Amino acid sequence: MSLYELLGDEAVSAVVNEFYDRMIKDPRVNHHFLEADTDKLRMHQMYFLVTYALGGPEVYNGRKLSHAHKGLNITDQEYEITIRHLTGALRKYDVPLEIRAKMEAFLRGVKPHIVYK
């Protein structure tokens, strides 16, 4: 059973929205969202999480992470803040520890494609 099947659409949607709410409110990282279409980002993140990270029913055909984050100059510190916000959103919706750990491991695995110095 995939992580997506364990969580379902509603839980993933709630987590994504909570995650973005946290990121937009955090002055340490919200500068990345000032000019962004956050509704579009939320939808894209839903698609990405469901299809790629959680093993959902669709095949991910979006841009490579390195292309999507190019030029954003995301730092190691900002990335760690991002992981903490996603983990907090997962905890808020009582996502089991096993899934939270798998999500964090996934995020740590893709970090080289997102963080630029």
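What comes next is a walk through the structure. What you see is a predicted model, and the numbers here were worked out from it, not measured in a lab. (Residues numbered from 1 in each chain as written. Predicted model: local features only at pLDDT ≥ 70, side-chain atom pairs only at ≥ 80, totals over all residues. Heavy atoms only, no water.)

**Looking at unusual backbone geometry**
- Despite not being glycine, Asp94 shows a phi value in the positive range, around 55°.
- Tracing the backbone shows Asp94 in the loop between α5 (76-92) and α6 (97-110). (Helix = DSSP H or I, 4+ residues; strand = E, 2+ residues; numbered from the N terminus.)

**Here we look at the packing of α5 against α6**
- Remark: α5 packs on α6, axes separated minimally by 10 Å, with the N-to-C direction vectors making an angle of 160°. Here α5 is positioned roughly antiparallel relative to α6, judged by the angle of their axes. Of the two possible hands of crossing, α5 and α6 adopt the one that is right-handed. Mapping the contact onto sequence places Tyr79, Glu80, Ile83, Leu86, Thr87, Leu90 and Arg91 in α5 and Arg100, Met103, Glu104, Leu107, Arg108 and Val110 in α6.
- Across the contact of α5 with α6, the residue classes break down as seven nonpolar, one polar and five charged. (Axes fitted to C-alpha atoms, helices over the stretch in contact; angles between N-to-C directions. Parallel < 35°, antiparallel > 145°, perpendicular 65-115°, else oblique. Left-handed = near helix turned anticlockwise from the far one by under 90°. Contact = heavy atoms within 4.5 Å. Nonpolar A, V, L, I, M, F, W, Y, C, P; charged D, E, K, R; others polar.)

**Brief notes about the pattern of salt bridges**
- Enumeration over the complete set of coordinates arrives at nine salt bridges.
- For Lys111, the salt bridge goes to Asp76, with nearest N and O atoms at 3.4 Å. Highlighted residues: Lys111 in the segment after α6 and Asp76 in helix α5, separated in sequence by 35 residues.
- Looking at Asp76, the relative accessible area reads 31%, which means it is partly exposed.
- Beyond isolated ion pairs, a larger network of salt bridges with shared partners links Asp76, Glu80, Glu104, Arg108 and Lys111. (Salt bridge = Lys/Arg side-chain N within 4 Å of Asp/Glu carboxyl O. Buried < 20%, exposed > 50% of the residue type's maximum accessible area, 1.4 Å probe, protein only.)

**Things to note about the nonpolar core**
- Ranked by size, the top nonpolar core spans 31 residues in total, and within it Leu54, Tyr79, Leu86 and Met103 carry the most contacts.
- Mapped onto this core, the elements with two or more residues apiece are α1 (3-7), α2 (9-25), α3 (38-53), α5 and α6. (Core = buried A, V, L, I, M, F, W, Y, C linked by side-chain atoms within 4.5 Å.)

**Considering the packing of aromatic side chains**
- Summed over all chains, the structure comprises two aromatic pairs.
- Aromatic pair Phe19 and Tyr20: ring centres 5.1 Å apart, planes at 75°, arrangement edge-to-face. We note that Phe19, like Tyr20, is buried.
- An angle of 90° between the planes, with centres 5.8 Å apart, marks the rings of Tyr20 and Phe33 as edge-to-face. Of this pair, Tyr20 sits in helix α2 while Phe33 is found in the loop between α2 and α3, placing the two residues 13 residues apart along the sequence.
- Owing to a relative accessible area of 5%, Tyr20 belongs among the buried residues under this scheme.
- Overall, Phe33 belongs to the buried group, its relative accessible area being 14%.
- Among the aromatic residues, those joined into a ring-pair cluster are Phe19, Tyr20 and Phe33. (Phe/Tyr/Trp six-rings, centres within 6.5 Å; stacked < 30°, edge-to-face > 60°.)

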